[in-house]
Amino acid sequence: TPAKDTAIRSIDTTIVDAPTRRRHRLSNTEVTHQSYVLVRVLLENGVSGIGEASTLGGPRWAEESVESIRATVMTYLAPALRGQSALAFEANAIRMGKAATRNYAAKGAIESALLDAAGKTLGLRASSLLGGAVRERMEVIWALASGDSGQELEEAKEKLRRREHRQFKIKFGFNRPQSDLKRLEALRSGLGNDVRLIVDVNQGWSEAECVRFMPALEELDVALVEQPVSALQLEAMSRVAARTSIPLLVDEAAFTKEEVARAATMGCGSVYSLKLVKSGGLFEMKRAAAVAAAHGLELYGGCLLESSIGAAAHLAAFCTLPKLEWGTEHFGPRILVEDLVTTSIKFDEFEICVPDSAGLGVEVDEDKIRVFARKD
Ligand code: MUC
Ligand code: MG
């Protein structure tokens with residue numbers, strides 16, 4: 001029947017620049033707005049789907065920028081998929097792999113949109129197509145990244161008071177290690193010993209700085225240290241991991257499942273951060289999770305400050321994982337002045353709730369998209 005004709009009619013993109021509530025700093029960039037490429041697919045049955053590719057400050061966190069993502073989608077990936085069934089997830093991933101190497105954010109956004117459209121066609125949640133949910137909510141971490149320790153302490157206290165977040169990831173690497181440590185000391189003494197603190201250095205330290213400063217992080221009872229050294233320095237990361245009593249979280253050092261296998265075998269860390277922009281698709285992200293788990297790594301549900309659209313895609317896969325020891329950090333919908341959907345993903349009692357309607361379970365707010373769409 002026509003309603004079941006899941007052939008892909010068109011794929012389109014919109015770049016949006018959505019303002020953030022405050023400046024968000026990382027080792028090599030800072031943002032006051034989040035730039036996304038929204039990918040819309042339209043099927044022959046008239047059903048549409050939405051996906052989101054997130055970036056951080058241009059082509060800096062990874063090599064893709066919104067401009068390159070749009071070009072890759074429109075010039076190479078969309079032509080490879082037009083006319084194919086949206087339900088042929090694995091075949092479509094192979095087609096995208098042949099049309100473009102890497103470009104994982106672009107591919108991940110398209111696959112998310114196809115899952116959304118396919119789910120809406122069939123009346124199924126995206127998570128059902130990904131294996132079915134084993135959890136409906138997960139603990140959600142908040143990131144402190146203004147660089148102003150007074151502001152950060154206030155922000156964290158507010159999150160605790162409102163019972164929204166009780167675990168915090170502190171962004172390091174944009175100051176000298178000594179001043180980042182002062183920020184951390186202020187947070188630890190202001191928040192007390194029961195609050196779980198995670199540090200993300202975003203590749204900002206040398207091995208020598210790790211040797212010098214990891215003991216101070218141990219003293220402050222940091223639960224996890226994310227990507228302290230360059231993503232290219234796997235040997236150095238593994239030596240740092242061997243010296244410290246804090247587990248290391250592998251982030252930029254491993255995008256593909258093959259890279260996960262290598263980083264795990266080399267002992268670069270004992271936790272892996274899952275992200276669509278690293279895996280290039282939700283099915284592939286689940287395989288990366290399996291490879292990490294098979295090597296004994298615990299799992300952390302990573303983000304790149306996605307809106308509720310990208311967060312919903314991640315949650316659809318995270319909720320199907322047998323284990324997700326560290327929960328997730330999908331605070332993105334809350335860092336935006338305005339989310340991009342009509343009803344934001346629900347946060348409740350320190351947890352984020354997986355949307356429960358068909359597809360990704362979020363509805364795009366077209367008025368907001370019009371306001372934030374890049375005019376060029
Ligand atoms: C990263 O490196 O983890 C996620 C949260 C945040 O503050 O930065 C991102 C990227
Ligand atoms: Mg990180």
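The model shown is predicted, which means the values in this text are computed figures rather than measured ones. (Residues numbered from 1 in each chain as written. Chains lettered and ligands numbered in written order. Predicted model: local features only at pLDDT ≥ 70, side-chain atom pairs only at ≥ 80, totals over all residues. Heavy atoms only, no water.)

**What about the coordination of the magnesium ion (ligand 2)?**
A four-donor tetrahedral metal ideally has 109.5 degree angles, and a six-donor octahedral metal ideally has angles of 90 or 180 degrees.
Item 1. The magnesium ion (ligand 2) binds to the protein through Asp200 (OD), Glu226 (OE) and Asp251 (OD), with metal-donor distances spanning 2.1 to 2.3 Å.
Item 2. Sequence positions of the donors to the magnesium ion (ligand 2) reduce to the motif D-x25-E-x24-D. Highlighted residues: Asp200 in strand 7 (residues 196-200) and Asp251 in the loop between strand 9 (248-250) and helix 9 (257-265), separated in sequence by 51 residues. We note that Asp200, like Asp251, is buried. (Donors = N, O, S within 2.8 Å, 3.2 Å for Na, K, Ca; no water. Helix = DSSP H or I, 4+ residues; strand = E, 2+ residues; numbered from the N terminus. Buried < 20%, exposed > 50% of the residue type's maximum accessible area, 1.4 Å probe, protein only.)

**So, the packing of helix 5 (residues 149-161) against helix 6 (residues 177-191)**
Item 1. Where helix 5 meets helix 6, the axes come as close as 9 Å, and the angle between the chain directions of the two elements is 35°. In this structure, helix 5 meets helix 6 at a crossing whose hand is right-handed. Of the residues in helix 6, those in contact with Ser149, Glu152, Leu153, Ala156, Lys157 and Leu160 of helix 5 are Arg183, Ala186, Leu187, Gly190 and Leu191.
Item 2. When its residues are assigned to classes, the contact of helix 5 with helix 6 shows 6 nonpolar, 2 polar and 3 charged. (Axes fitted to C-alpha atoms, helices over the stretch in contact; angles between N-to-C directions. Left-handed = near helix turned anticlockwise from the far one by under 90°. Contact = heavy atoms within 4.5 Å. Nonpolar A, V, L, I, M, F, W, Y, C, P; charged D, E, K, R; others polar.)

**Comments concerning the side chain of Ser54**
Item 1. By the secondary structure assignment, Ser54 is in strand 3 (residues 48-54).
Item 2. In this structure Ser54 comes out as buried when scored by relative accessible area, which is 3%.
Item 3. Engagement of the side chain of Ser54 in a polar contact is seen with the side chain of Gln34, the distance being 3.3 Å.
Item 4. Here the side chain of Ser54 touches Leu304 through a polar contact of 2.5 Å, landing on its backbone oxygen.
Item 5. If we skip the residues at most four places from it in the chain, Ser54 touches Gln34, Ser35, Tyr36, Ala105, Val277, Leu304, Leu305 and Glu306. (Polar contact = N/O pair within 3.5 Å; in protein donor to acceptor, adjacent residues only side chain to side chain.)

**Overview of the nonpolar core**
Within soluble globular proteins, side chains that are nonpolar generally end up buried alongside one another.
Item 1. If you look at the biggest cluster of nonpolar residues, it comprises 123 residues, and the most contacted ones within it are Leu217 and Tyr272.
Item 2. Take this core: its biggest share by element is 10 residues, from helix 3 (residues 104-122).
Item 3. Taken domain by domain, this core gets at least three of its residues from each of domain 1 (2-123 + 366-372) and domain 2 (129-353).
Item 4. When near neighbours in sequence (up to four residues on either side) are disregarded, Leu217 contacts Phe172, Leu181, Leu184, Val199, Trp205, Val222, Val225 and Ile246.
Item 5. Grouped together as the second largest cluster of nonpolar side chains are 8 residues, Ile198, Leu224, Val271 and Tyr300 included. (Core = buried A, V, L, I, M, F, W, Y, C linked by side-chain atoms within 4.5 Å. Domains from an automatic or database assignment.)

**Brief notes about the domain arrangement of the protein chain**
Item 1. When cut into domains, the protein chain gives domain 1 (2-123 + 366-372) and domain 2 (129-353).
Item 2. For domain 1 versus domain 2, the distance between C-alpha centres works out to 23 Å.
Item 3. With 40 residues of domain 1 at the interface, the matching set in domain 2 holds 48 residues.
Item 4. Roughly 3600 Å² of surface becomes buried between domain 1 and domain 2 when both sides are summed, with 63% attributable to carbon and sulfur atoms.
Item 5. For domain 1, the biggest contributors to the area lost against domain 2 are Arg22, Arg25 and Trp61; these three give 21% of the whole.
Item 6. Our enumeration of links across domain 1 and domain 2 arrives at 4 salt bridges.
Item 7. One can count 19 residue pairs in polar contact (both at pLDDT 80 or more) joining domain 1 with domain 2. (Buried area = accessible area lost by both parts, 1.4 Å probe. Salt bridge = Lys/Arg side-chain N within 4 Å of Asp/Glu carboxyl O.)

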